[in-house]
Structures are given as structure tokens and as C-alpha cells.
Amino acid sequence: MKKIDSYIRSILLMATIIFGMTACSPDDFTSPNEAGIPLASSYEEAIQVVVDQETNWVTFSFNGQGVMPVWIIDGKSYSSVFEMKKYYRKAGDYSIEVKIANANGMSDGAITKTFQITKTIMNGFGGFVYDSEFNLWKGATIDAPVFWYAPGWSQIADPAYKLDGATYSVSLPEATTDTWQGQMKLGTNISTNAAAHYDFSVILTATKDHPHVMVKLVDVTDDNIFYFAETTKLTANEPVCFWKSDMEGLDIANLMLVLDFGGNAEGTDVTIENIVLKDHANDDGTVIPDAPQVQDPNWSDVNSDDNLWKGVAFTNIFYYAPGWSQLPDPVLKIEGTQYSTNFPSATTDQWQNQVTFITDELATSASENYDFKVTLNASNEIKGVTVKFAQEDNDDVFLFLERIDLLAGEDVEVKVINAEGVDITKAKIVFDFGGNPENTDLVIKDIILQKHKD
């Protein structure tokens, strides 16, 4: 029965095509004759594909006598008009298959035309201008990608990749489960300095949903010196722009962009394009969108049983090293939910002044989302304070990492809302006050960690 249904559908399709030929150009076609079906290869020059690279509209046209085209798009869509247009939002290489039909039927052979879309048009913010004279990435020397691809933490062959212009295409045949199991590193000769501020953007597209692609811009010689290390969620075939603006500069001689696809589904292809890094002072004409408004969750009271930090047992350790020369630990004073200390000597760099709380057994789960809040107060201004919630024995496994500025004498709340969970068996919270002035009093108070509450 299925074979009969399929046969009937084929007859109906052919009838539709032949009827369409007669309806569109009645003077051009004759009744079935001994000429037989057309030879597709004879009509190669009759097919034109014109791409408007400004709008991403593609025009397909056919100029032939006594026959008509049958356009086959994505292997399934049929059209028999002599001219049609199609919009392609994403940059990439595409093709269309064309068969030729006459009154006797449709050609056995087909013609394939390939074409390229050079830029992705975003639904939302598309990042900074790649072709701008201010884009440091465009004029830099970029090393060939270095991969570490390890499903189940067992390394396998590197993913296949292609570099077309400045666009990378990476194929991930095997699924991975955890962050850092699918690393791609791009070393550069780009340098930055602490006297400037910087903007960054990149467009990422995956052929399958990905819950958390990691994006990290880091010193090639030290994983602990970086501008950001954040994840972004990708929906299948939907380009997403990851961007940062007005980042406080760091003294880095050689930058490296690290992308991690750990957590990918099998058979995922990822496109990385339009990478931009520029000095914030240089205006490339980009209009930066307003920051999205994140609604506060229903916060638990600091003394509530819903606060996972309440009553947690921890060990406090310091790494206090002005000029990277470690000094004796400051004294931490604990008063209920408030922790206070003093830093007598100034530090200059990130990670020179770490205050870490290592818990005995606080855990988080990848099956939950979390909210976090803490209030910080410093007697002197400190730029670029780091707050990181991570696995005690693995800094690469973390729930979040935030950098904020503290104003002298003012309470500053650090909030992380609805963070996607990570499997952490023994958590630590690291606060880094590197860059503090001398004789700075510091207060950390009212830590709240809760399962996300709308």
C-alpha cells in the first residue's frame, strides 16, 4: 500500500510540474514527443544565481526555451517558477539543485549551483564592526587552533575545522558532557595594557542546541589572568553575539581566545565569526544596546534554611602577595554573617590578594539553577574585584565568575541570578581584591546561595 501511495504522489508531482509549465508559458511547450526528457547538463548556462551581499537576498533565475526549471532547496522544497528569491540570514556556503522539465517529464540529471553568503545578519545586536580599522583582531597574527577534545575526559582526535577568511567552522562528531571537554584555543600576538579599556565581540552559531559554550579571553602564559570567562547558550542554527564593552585593561603581552564546546551533542557543527577586539576609546560607529534588565528572584533571608550558605562549615585561606611576594596572612574576623579583614600593603595585579572560603561539603548540581548574592564594602576604591564560585580542587569547574568595582566606603551587592548549575562536590568561594590600596579595610557580608526562585 505504501508503494502505491508513493507512486501516486510521484504522478501528482509530475502532473503539477507539467501543468505549471503549461500555465506559465503555454506558447513554449508542445505535447509529449519523441525528443524525450531534457538533458540537465545542457542548461548549465541558463541558470543564474545572484547574491546581494548587503541584504543577504539571493535571486535564482532560469532562461531557457521549451523547458522549465525545478528548483530543489534543502533537498526537499520544490518550485517551478522562472525566477525566485530566498533570504539567507547566516554567513556560509550554500547550494541549490536544479532539474529541468519539459512536456515529457523531468530530467534524470540535475545541476548544482553553489554560492556564498559573506556575513551574518543578526536579529539583535551583532557586535562591533569587524572591518573597522580599530579591530585589533583583524590585523593580528592568529595561531592555528589548538584543540583538546576529550569526551568523558578521554582525549580523541582533534575536530575537523575550516578557516574561510576570518570565519572558523568546527565539526564535533562525538558528544561531550562537561565544560572543558571540547577546547579550542586561538593564540595571538595581540597585546593590551592596564591604561586602556577594551570592547570585544564574537558571533557563534551551532547546528544543534548547546547549553553553555565557554568564551574566555586570557593571557596566553597564565590562565588566571583574563578579561572574562563566561558561558553563553546557543539555540540550533541561531547566531548569538557574545560581547563585552568598556572592559578595564590588563597588562598582557599575548592574548589568547579560548572557546570550549564541552557539553555538545554529537554531530554538532559550530561557526565562529566576526571576532572583534578594540580599544574602547576608538568609536567604530557601533550603537551598544541597553543592558537587559534582570528581574531579582525571591531572595531567601540570609538566616533562612533555604540559604545553602547558612551554617556551612569552611576553612579560610589567604594568598596575599604584593608584587607576587607573599606576606603573612591577614586576620579574618567573623561576626555572624559578616567577615572582615584589613590589607595593610597595596597590591597591583589581579590574583595578588585572594580570600578563599573552602567548604567542607557544600555541593551544587547540574540539574538545578542557582542565585547568589553577597555584599562587599572596602574603605578604599578597588577596581576589578573578582568573585568566583568553583570546585575546591579544580578552578576550571565553576558556577560563576564575576568582576566588579568597589567604591570607597560603599556597600556593593554582587548578584548572580539563575545561573545554570554545575556539578560541584566541594565548593569554594574565591574573592580577589588584587589592586587594593594600602591600609584597606574590607567587609564581606550576608552571603546567600539558593536554588533559583522566580
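Residues numbered from 1 in each chain as written. Predicted model: local features only at pLDDT ≥ 70, side-chain atom pairs only at ≥ 80, totals over all residues. Heavy atoms only, no water.

*Asks:* It is not clear to me how the pairing of strand β15 (residues 222-234) should be interpreted in this structure. Could you clarify?
*Replies:* Residues in a regular strand project their side chains so that they alternate between the two faces of the sheet. Pairing of strand β14 (residues 210-219) with β15 involves eight bridges; the strand directions are antiparallel. Within the sheet, the bridge partner assigned to V215 lies in β15 and is E230. (Pairing = 2+ DSSP bridges. Helix = DSSP H or I, 4+ residues; strand = E, 2+ residues; numbered from the N terminus.)

*Asks:* Would you mind showing me how to read the pattern of salt bridges here?
*Replies:* Oppositely charged side chains are able to pair whenever their charged atoms sit close together. What the rule picks out here adds up to 16 salt bridges. Of the charged contacts in the structure, one is a salt bridge between E54 and K119, with a shortest N-O distance of 3.9 Å. Placement of the pair is E54 in the loop between β1 (47-52) and β2 (57-62) and K119 in the loop between β8 (111-117) and β9 (146-149), with a sequence separation of 65 residues. Owing to a relative accessible area of 61%, E54 belongs among the exposed residues under this scheme. Two residues, K244 and E230, come together in a salt bridge whose shortest N-O distance is 2.6 Å. (Salt bridge = Lys/Arg side-chain N within 4 Å of Asp/Glu carboxyl O. Buried < 20%, exposed > 50% of the residue type's maximum accessible area, 1.4 Å probe, protein only.)

*Asks:* Before we go on, may I ask you to explain the nonpolar core in this structure?
*Replies:* Soluble globular proteins tend to bury their nonpolar side chains together. Of all hydrophobic cores here, the largest spans 37 residues; its most connected members are L376, F431, F433 and I444. For F431, the residues in contact, after removing those within four places along its chain, are N353, Q354, V355, F357, V374, L376, T386, V387, I444 and I447. With 36 residues, the next largest nonpolar core counts A196, V202, L259 and F261 among its residues. (Core = buried A, V, L, I, M, F, W, Y, C linked by side-chain atoms within 4.5 Å. Contact = heavy atoms within 4.5 Å.)

*Asks:* Whenever I open this one, the sheet that holds strand β28 (residues 440-451) confuses me. Can you help?
*Replies:* The strands making up a sheet associate through backbone hydrogen bonding, with each pair oriented either parallel or antiparallel. A sheet is described by the order of its strands in space; here five strands give the open sequence β20-β21-β28-β23-β26, paired in antiparallel fashion. Only two strands of the sheet have a single neighbouring strand rather than two, namely β20 (333-335) and β26 (412-420). With direction set aside, neighbouring strand axes in the sheet form an average angle of 20°. Sheet topology note: the strand β23 (residues 369-378)/β28 ladder contains eight bridges and is antiparallel. If you follow K373 over to β28, its bridge partner there is I448. (Axes fitted to C-alpha atoms, helices over the stretch in contact; angles between N-to-C directions.)

*Asks:* Got a minute to help me understand the packing of aromatic side chains in this structure?
*Replies:* Aromatic ring pairs are reported here in terms of the distance separating the ring centres and the angle at which the planes meet. In this structure the tally under the stated criterion is 28 aromatic pairs. With centroids separated by 5.9 Å and ring planes inclined at 50°, the aromatic side chains of F60 and W71 adopt a geometry described as tilted. With F60 in strand β2 and W71 in strand β3 (residues 68-73), the pair connects residues that are 11 residues apart, well separated along the chain. On the basis of relative accessible area, F60 is assigned to the buried category, the value being 0%. Between F357 and F431 the ring centres are 5.9 Å apart and the planes differ by 90°, which places this aromatic pair in the edge-to-face class. Remark: F431 occurs in strand β27 (residues 427-432) and F357 occurs in strand β22 (residues 353-359); sequence separation between them is 74 residues. Grouped by ring-pair contacts, the aromatic residues W309, F314, Y320, Y339, F343, F357, F431 and F433 constitute a single cluster. The ring of Y88 has K86 sitting right over it, with the charged end atom 5.2 Å from the ring centre. Over the aromatic face of F226 sits the side chain of K216, whose NZ or CZ is 4.8 Å from the ring centroid. (Phe/Tyr/Trp six-rings, centres within 6.5 Å; stacked < 30°, edge-to-face > 60°. Lys NZ or Arg CZ within 6 Å of the ring centre and 35° of its normal.)

*Asks:* What's the story with the sheet that holds strand β5 (residues 83-87) in this structure? I'm lost.
*Replies:* Pairing is antiparallel in the open sheet, where three strands are placed in the order β1-β2-β5. Since the sheet does not close on itself, it has two edges, and those belong to β1 and β5, each with one partner. When the angles between neighbouring strand axes are averaged without regard to direction, this sheet yields 20°. Two strands pair when backbone bridges link them, and β2 and β5 are joined in this way by five bridges, in the antiparallel orientation. Each bridged residue has a counterpart across the sheet, and for S61 the counterpart in β5 is E83.

*Asks:* Can you walk me through the side chain of N56 in this structure?
*Replies:* Locating N56 in the fold gives a position in the loop between β1 and β2. Only 2.9 Å separates the side chain of N56 from the backbone oxygen of Y88, close enough to count as a polar contact. Here R89 takes part through its backbone oxygen, which lies 3.4 Å from a polar atom of the side chain of N56. Apart from the residues lying within four places of it in its own chain, the contact partners of N56 are K86, Y87, Y88, R89, I117, K119 and I121. (Polar contact = N/O pair within 3.5 Å; in protein donor to acceptor, adjacent residues only side chain to side chain.)

*Asks:* Hey, could you run me through the side chain of H212 in this one?
*Replies:* By the secondary structure assignment, H212 is in strand β14. Excluding residues within four positions of it along the chain, H212 makes contact with T179, T231, T232, D260, G262, G263 and E420.

*Asks:* Explain the environment of K383 to me, please; I cannot follow it from the model alone.
*Replies:* Within the fold, K383 resides in strand β24 (residues 382-391). On the basis of relative accessibility, which here comes to 40%, the residue K383 falls in the partly exposed class. When the C-alpha atoms of K383 and D405 are compared, they prove to be 4.5 Å apart, with 22 residues separating the residues in sequence. Beyond its immediate chain neighbours, meaning those up to four positions away, K383 contacts E248, I404, D405 and G434.

*Asks:* Would you take a moment to explain the environment of N264 for this structure?
*Replies:* Examined against the element boundaries, N264 turns out to sit in the loop between β17 (255-260) and β18 (268-279). Relative accessible area serves as the criterion here: at 2%, N264 is assigned to the buried category. Taking the C-alpha atoms as reference, N264 lies 8.6 Å from D178; in sequence the two are 86 residues apart. Apart from the residues lying within four places of it in its own chain, the contact partners of N264 are Y149, L172, E174, A175, T176 and H210. Separated by 3.0 Å, the side chain of N264 and the backbone oxygen of E174 make a polar contact.

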